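Topology and contacts: notes
Read off the chains here:
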Amino acid sequence: MGEQKKGNAPEQDLNQILKNRREKLKNLQEAGRDPFQITKYDVTHHSMEIKENYADLEGKEVSVAGRMMFKRVMGKASFCNVQDLQGSIQAYVARDCIGEEPYKDFKKYDIGDIVGVKGEVFTTKTGEISIHASELVLLSKSLQVLPEKFHGLTNTDLRYRQRYVDLIMNPESKETFIKRSQIIKEIRRFLDGRGFMEVETPMLVSNAGGAAARPFDTHYNALDEDVKLRISLELYLKRLIVGGLERVYEIGRVFRNEGVDTRHNPEFTLMELYQAYTDYEGMMELTESMFRYLAETVCGSSKITYNGIEIDLGKPFERLTMNDAIKKYAGVDFDEVDTLEEARTLAKAHDIEYEERHTKGEIINLFFEEYCEKELVQPTFIMDHPLDISPLTKKKPSDPEKVERFELFINTWEMCNAYSELNDPIDQRERFAAQDAAFAAGNEEANHTDEDFLNALEIGMPPTGGIGYGIDRLVMLLTDSAAIRDVLLFPTMRSNQ
């Protein structure tokens, strides 16, 4: 909202507006009434709290504080709107109630100033619940100009760069981030109810493993060592399972040196959990139960809508093996394909681009990404991935070319990735060696051998189910947000040069 304008007259020069605001501040300071010297204000209620409890509060004194978003001066009596965390409420400001000098001061306040209002709760003739001000205090002077009221802050680049303005001008943006906080709180409540323990593990690591991603490199001056920012939470959490903690989880930032798009940000929030004495079937039950619980608790229903499409989290989630999904959507049965050459021939026939280094399992995954992901709108567990693309997962006893792994897809997005965790240290060493070879062959996202982790496995890790959830993507789904930047308070942006 900008300064008041008449008709289509040219806008007042912005520099002059900013100069006027600073002049007002200087005058206040010279008069010994510097708003920045005020250290606190006794807030008794918020806007929605007053409106929802009007029957109890009518005629009683309350005090609110917030940003003045509207002001209409009408002689001896005026109106203004104060916006706080919960919404906004109107204040009726009369000269005879607050005093002549305070009323003169009020008339000089600007849109965007932060004020405290004390007075009785009443309803205006037009039926609007308001505060009849007996006191009005300037708590902070706004020296900048907010966007014009009716157009709001619509420039998406500016919304992401100046999130503080976006939160002021766009109520739906504030609601998204309040809901994000609720989602994370309810995840913790759900896991606490199942006996999980929240832990924290290092962000700066010598070996960034646990996922297929390129890490960020940095240097630790005190130890004169090159280190990396973690790309996953997995390997440290598994060490805790070895240590006997049995059920652990962490919600934290991880960092992947990759591109930015509507579903990816180089730093994002990941949750991983590990539970001893269960497998990927146990992780499927936990995931389905948790997603249903979150929808019902945070959204009020197990049926949610994303981009106009209803998604039913109340029904049992569909289960398909990766090969069955490819057979269903591409008409190719990889259970009948024995060799890498056969897989390459099929890839060429279906215009699937692959590299010479790609294995049969990686070609299967390329088929899945091309033909299947776009079909998976309703909740679907995709299970039993190729061994080649799952270096930390137990093999299926019935088919050693596959592993006990699943990914949950909703709205065509991968929502989580889960395993029956590999706890055989000899097998794990061989898989790390294969990953080292893949890195040497040019795969910058391959894992590296982690000797301390192998030592932990040699100490002995029980049968364990583990899973990783992209929290930002989950928040996108439950808040009907179009892009990951809409659910990150401060997304990664190119610096303004």
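The residue count restarts for each chain, going from 1 along the sequence in the order it is written. For a predicted model such as this one, the threshold for reporting local features is a pLDDT of at least 70, and the threshold for listing and counting side-chain atom pairs is 80 or more; totals across whole chains, interfaces and linings nevertheless cover every residue. The side-chain values count all of the structure's non-hydrogen atoms but skip hydrogen atoms and water molecules.

The next point concerns the overall build of the protein chain. Secondary structure summary: the protein chain contains 16 helices and 20 strands in total. Counting only C-alpha atoms, the protein chain reaches 90 × 55 × 50 Å along its principal axes. Residue burial in the protein chain is summarised as follows: out of 497 residues, 49% are buried. For the protein chain, restricting intrachain contacts to residue pairs at least 6 apart in sequence, the fraction spanning at least 24 positions comes to 64%. Note that accessible areas follow from Shrake-Rupley with a 1.4 Å probe, and for residues the cover is restricted to the protein chains shown. Of the roughly 24,700 Å² that the protein chain leaves accessible, carbon and sulfur atoms contribute 48%. Helix numbers and strand numbers start at the N terminus; a helix is a DSSP run of H or I with at least 4 residues, a strand a run of E with at least 2. Here the term buried applies to any residue with accessible area under 20% of the maximum for its type, exposed to any over 50%, and partly exposed to those in between, with areas from a 1.4 Å probe on protein chains only. The contact criterion used is simple: two residues touch if any of their non-hydrogen atoms lie within 4.5 Å.

Now for the pattern of salt bridges. In the sections that follow, a salt bridge refers to a side-chain nitrogen of Lys or Arg positioned within 4 Å of a carboxyl oxygen of Asp or Glu. Evaluation of the coordinates by the stated rule reveals 36 salt bridges. Across the salt bridge formed by Asp 450 and Arg 239, the nearest N and O atoms sit 3.2 Å from each other. Separated by 211 residues along the polypeptide, Asp 450 in the loop between helix 14 (425-440) and helix 15 (451-459) and Arg 239 in helix 9 (residues 234-242) bring together distant segments of the chain. The exposure classification of Asp 450 matches that of Arg 239, with both residues buried. Note that Asp 384 and Lys 396 form a salt bridge whose closest N and O atoms lie 3.5 Å from each other. One end of the pair, Asp 384, is in the loop between strand 15 (380-383) and strand 16 (395-396); the other, Lys 396, is in strand 16, and twelve residues separate them in sequence. The class for Asp 384 is buried, based on a relative accessible area of 9%. Lys 396 gets classed as buried once you look at its relative accessible area, which sits at 16%. A single network of salt bridges, built from pairs that share partners, joins Arg 21, Lys 24, Asp 110, Asp 113 and Lys 141.

It is worth spelling out the sheet that holds strand 9 (residues 225-229) at this point. Note on pairing: two strands pair once DSSP finds at least 2 bridges between them. Read from one edge of the open sheet, three strands run 7-9-8, paired in antiparallel fashion. Looking along the sheet, the strands with just one partner apiece sit at the ends: strand 7 (204-205) and strand 8 (217-220). Sheet topology places strand 8 next to strand 9; four bridges connect them, and they run antiparallel. Directly across from His 219, in strand 9, lies its bridge partner Asp 226.

Residues Met 322, Asn 323, Ala 325, Ile 326 and Ala 330 constitute the buried set of helix 11 (residues 322-330). Buried residues of helix 11, seen end-on, are gathered within an arc of 160° and therefore sit on one face of the element. Taken together, the buried residues of helix 11 touch strand 14 (318-321), helix 13 (360-371), strand 15, strand 17 (399-403) and strand 18 (405-410). Downstream of helix 11 by one or two residues, Gly 331 has phi in the positive range, about 75°. What the arc covers is the set of directions going from the helix axis to the C-beta atoms.

Here we come to the side chain of Glu 250. Examined against the element boundaries, Glu 250 turns out to sit in strand 10 (residues 247-255). On the accessibility criterion, Glu 250 (3% relative accessible area) is buried. A distance of 3.1 Å separates a polar atom in the side chain of Glu 250 from a polar atom in the side chain of Arg 230. Once you skip the residues sitting within four places of it in the chain, Glu 250 turns out to touch Val 199, Glu 200, Thr 201, Arg 230, Leu 233, Leu 237, Leu 270, Met 271 and Glu 272. Any N or O atom pair separated by 3.5 Å or less is treated as a polar contact, with the protein-specific requirement of one donor-capable and one acceptor-capable atom, and with residues adjacent in sequence counted only for side-chain atom pairs.

Moving on: the sheet that holds strand 18. The strand order 6-10-11-20-19-18-15-14 describes an open sheet built from eight strands, whose pairing is mixed. With one partner strand each, in any of the chains shown, strand 6 (197-198) and strand 14 form the two edges of the open sheet. Note: strand 19 (residues 413-420) against strand 20 (residues 464-470), five bridges, orientation antiparallel. Counted as the bridge partner of Tyr 419 is Gly 466 from strand 20. Lines fitted to C-alpha atoms define the axes here, with helix axes fitted over just the stretch in contact, and angles between the N-to-C directions of these axes take values from 0 to 180 degrees. Against the sheet, helix 8 (residues 171-193) contacts strand 6, strand 10 and strand 11 (267-276), and its axis sits at roughly 155° relative to strand 10.

Turning our attention to the nonpolar core. Counting 44 residues, the largest nonpolar core has Ile 187, Leu 191, Met 271, Leu 273, Phe 291, Phe 406 and Tyr 469 as the members making the most contacts within it. Tallying contributions element by element places helix 10 (residues 280-299) first for this core, with nine residues. Look past the residues within four positions of Leu 273 in its chain and what remains in contact with it is Leu 191, Phe 196, Val 248, Tyr 249, Met 283, Leu 286, Gly 465, Gly 466, Ile 467 and Tyr 469. Counting 24 residues, the second-largest nonpolar core is a separate cluster that includes Leu 57, Met 68, Val 121 and Leu 138. By nonpolar core is meant a set of buried Ala, Val, Leu, Ile, Met, Phe, Trp, Tyr and Cys residues that side-chain atoms within 4.5 Å join together.

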